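Descriptive analysis of the structure
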Amino acid sequence: MKLYNTLTKSVEVITPLQSPAVTLYTCGPTVYDFPHVGNWFTFIRYDVLVRALKANHLQPKWVMNITDVGHLVSDADEGEDKLEKGARREGKTAWDIAKFYGDYFIQGLNRLNILQPDFLPKATEHIDEQIRLVKTLEEKGFTYAISDGVYFDTSKFPKYAEFAGLDLDEQQAGARVEYNPEKRNATDFALWKFSPKDEKRDMEWDSPWGKGFPGWHIECSAMSMKYLGETLDIHSGGIDHIPVHHSNEIAQSEAATGKPFANYWMHANHITVNGEKISKSLGNGITLEDIEAKGSSLEAFRLHVLESHYRNQSKFSWESLDAAQNRLKNWQAAAVLRYQTASSSSGGTTFTATEIQTQLTELLGDDLNTPRALVLLSGIFGQLESTGLHSAHVAEFETLLVFIDSLLGLTLAAQADIDDDLKQLISARESARSKQDWTKSDELRDQLTSQGIGLRDTEQGAIWFRL
RNA sequence: GGCGCCUUGGCGGAGUAGUUACGCAGCGGUCUGCAAAACCGUGUACACGGGUGCAAAUCCCGUAGGUGCCUCCA
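These lines cover the structure that appears in this document, whether it is placed above or below. (Residues numbered from 1 in each chain as written. Chains lettered and ligands numbered in written order. Predicted model: local features only at pLDDT ≥ 70, side-chain atom pairs only at ≥ 80, totals over all residues. Heavy atoms only, no water.)

Some remarks on the sheet that holds strand β8 (residues 149-152)
Pairing within the open sheet is antiparallel, and its four strands lie in the order β7-β8-β9-β10. Only two strands of the sheet have a single partner each, and these edge strands are β7 (143-146) and β10 (212-214). Direction aside, neighbouring strands of the sheet carry axes that sit 25° apart on average. Two elements, strand β9 (residues 189-194) and β10, share three bridges in a ladder whose sense is antiparallel. Note on β10: the bridge partner recorded for Lys193 is Phe213. Most of the contacts of helix α4 (residues 127-139) go to β9, to which it runs at about 120°, and overall it touches β7, β8, β9 and β10. (Pairing = 2+ DSSP bridges. Helix = DSSP H or I, 4+ residues; strand = E, 2+ residues; numbered from the N terminus. Axes fitted to C-alpha atoms, helices over the stretch in contact; angles between N-to-C directions. Contact = heavy atoms within 4.5 Å.)

Overview of the pairing of β9
When a strand is regular, its side chains alternate between the sheet's two faces. The buried fraction of β9 is high, at six of six residues. As paired elements, β8 and β9 share four bridges and run antiparallel to each other. Considered in β9, the bridge of Gly149 is made with Lys193. (Buried < 20%, exposed > 50% of the residue type's maximum accessible area, 1.4 Å probe, protein only.)

Thoughts on the pattern of salt bridges
Inspection of the entire model under this criterion finds 27 salt bridges. Between Glu289 and Arg111 there is a salt bridge whose closest N-O contact spans 3.0 Å. In this pair, Glu289 sits in helix α8 (residues 288-293) while Arg111 sits in helix α3 (residues 94-111), placing the two residues 178 residues apart along the sequence. The class of Glu289 is partly exposed, set by a relative accessible area of 33%. On the basis of relative accessible area, Arg111 is assigned to the partly exposed category, the value being 30%. Three or more residues joined by partner-sharing salt bridges are found here, namely Asp33, Arg89, Glu90 and Lys92. (Salt bridge = Lys/Arg side-chain N within 4 Å of Asp/Glu carboxyl O.)

Things to note about unusual backbone geometry
With the exception of glycine, most residues fall at negative phi, and the peptide bonds are largely trans. With an omega dihedral of 5°, the bond running from Ser19 to Pro20 counts as a cis peptide bond. Here the phi dihedral of Lys9 falls at roughly 55°; this positive angle occurs in a residue that is not glycine. Residue position: Lys9 is located in the loop between β1 (2-5) and β2 (10-13). Accessibility expressed as a relative area gives 53% for Lys9, which makes it exposed. Positive phi, close to 60°, is recorded for Asn113, a residue that is not glycine. Secondary-structure assignment places Asn113 in the loop between α3 and α4.

Describing the packing of helix α1 (residues 37-55) against helix α9 (residues 298-306)
Taken N-terminus to C-terminus, the directions of α1 and α9 make an angle of 75°; their axes are 10 Å apart at the nearest point. By the angle between their directions, the pair α1 and α9 is classed as roughly perpendicular. Two secondary-structure elements touch here, α1 through Val37, Trp40, Phe41, Ile44, Arg45, Asp47, Val48 and Arg51 and α9 through Phe301, Arg302, His304, Val305 and Leu306. Its residues placed into classes, the contact of α1 with α9 shows eight nonpolar, one polar and four charged. (Parallel < 35°, antiparallel > 145°, perpendicular 65-115°, else oblique. Nonpolar A, V, L, I, M, F, W, Y, C, P; charged D, E, K, R; others polar.)

Examining the packing of aromatic side chains
Under the counting rule described, the total for this entry stands at 21 aromatic pairs. Ring centres of Phe119 and Tyr227 lie 4.7 Å apart, and the angle between their planes is 35°; this geometry places the pair in the tilted category. Residue Phe119 is located in the loop between α3 and α4, and its partner Tyr227 is located in helix α6 (residues 216-228); the two are separated by 108 residues in the primary sequence. Overall, Phe119 belongs to the partly exposed group, its relative accessible area being 29%. Ring geometry for Phe142 and Phe152: centres 5.7 Å apart, planes at 5°, overall stacked. Here Phe142 is found in the loop between α4 and β7, whereas its partner Phe152 is found in strand β8, with ten residues between them in sequence. One exposure class covers both Phe142 and Phe152, and it is buried. The rings of Phe34, Phe100, Tyr101 and Tyr104 are connected pair by pair, giving a single aromatic cluster. Directly above the aromatic system of Phe213 lies the positively charged group of Arg201, at a separation of 3.5 Å from the ring centroid. Stacked on the ring of Trp318, the Lys or Arg Lys294 has its end atom at 4.8 Å from the ring centre. (Phe/Tyr/Trp six-rings, centres within 6.5 Å; stacked < 30°, edge-to-face > 60°. Lys NZ or Arg CZ within 6 Å of the ring centre and 35° of its normal.)

Shape is all these values report; function is a separate question.
The structure is reproduced here in structure tokens:
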């Protein structure tokens, strides 16, 4: 299993600390609003990673956090907590917001056929762990307190800028945003924030430094260490997190333990819509509901995600989603050929499932090359559609479909046979046709169409497919 | 202002030196009772200008446009 490692900027073979177990931490959502397609792209990328690891004989132990406190509107540790802001927007408490959008997120995982992580820890349920980690950092001299919180002193972690390849001096010279002048360094970040003196927050806890709430970054370190140990194999997240969030995670974790935090870093690139990034301010945050309202399926959306490589910036458009929907329909039409092999015993496509499985596993194992995997599959399904499935290969085909579904999260094997009523309509049409009763045969065809079943007349008889 | 990345046929999207990528859509034809599907055929694609090479979409330099991070954000 090979993966591009942001740490070394090269594709590397994954060698877990305790193979075949592989520990994986993926940055999860901040649950203050509906996720948009860009967010879901990344979560599907994680899912593909997990499935690829499994296919390549590794056993992932997967943790994805739920950020339900402490993520401020600005990464510069200023501004409002997103949860509190969401609460004000909807006239609820921050706890209500976290519950509602947290539940929505988990439903979204299911709707997109994303595997459930082994752990989905919430930041608010790990306050003690976070406080303990800050204490450790304090004891080791990495922290200092100012009026609004306890901060990490990045100047005491000399390789801070290495991970993101930043030139801190240059950046500061041209920085557009001013930072809290009490901070010792621009890159210092909050470990613990104090509650405002004149305001009662929905979410706040006591700590050795005063009442407040944890900084956004510390949760990931605390929770990954709790569930996966001080050094994890793979840490994954959105590409935007390289400069701030992940640099901070590395700094605070390695400062606390003296050990490497993660051996492999996998970053999913972003997508654009109409050539622009997705952001709240642009108002182009398409949701899963928008996709369904347009008549597309979430499975087609998933296939659309797989059509591009996770390291490239890819584009989302309704046109490309339609293309994926059509491609999926063709695949589904091929999948149901296994119910229609009665007269193709002599001809039809034959193949060996294990051979194709090996190829697919290698493609996914080569830095998650999903575009190439789809090319392979389109070739196979295309051949099936043109020549039919050999009747002796139904079981082989079924095995392959189950494997494809497990690797790519599709539901091809689940494509069911049609019921007897529909089958009778088809055979009634066949006999009408043999009697050249075109009126009746067209009428029956219309009936089938209205029930979502299309037909193609071949030399071996009518083949049905779902419209 | 600093540091990056990108630019492939109608749309999406692989490909880092020499092979038709591929998908979706389109066009012409065959087949068909009519359709549909399928099949056959069909697009002088690699932003522009130089350079290196026997050979460049692929490497180097420059130009133009776009875009990302340094605010929000997967």
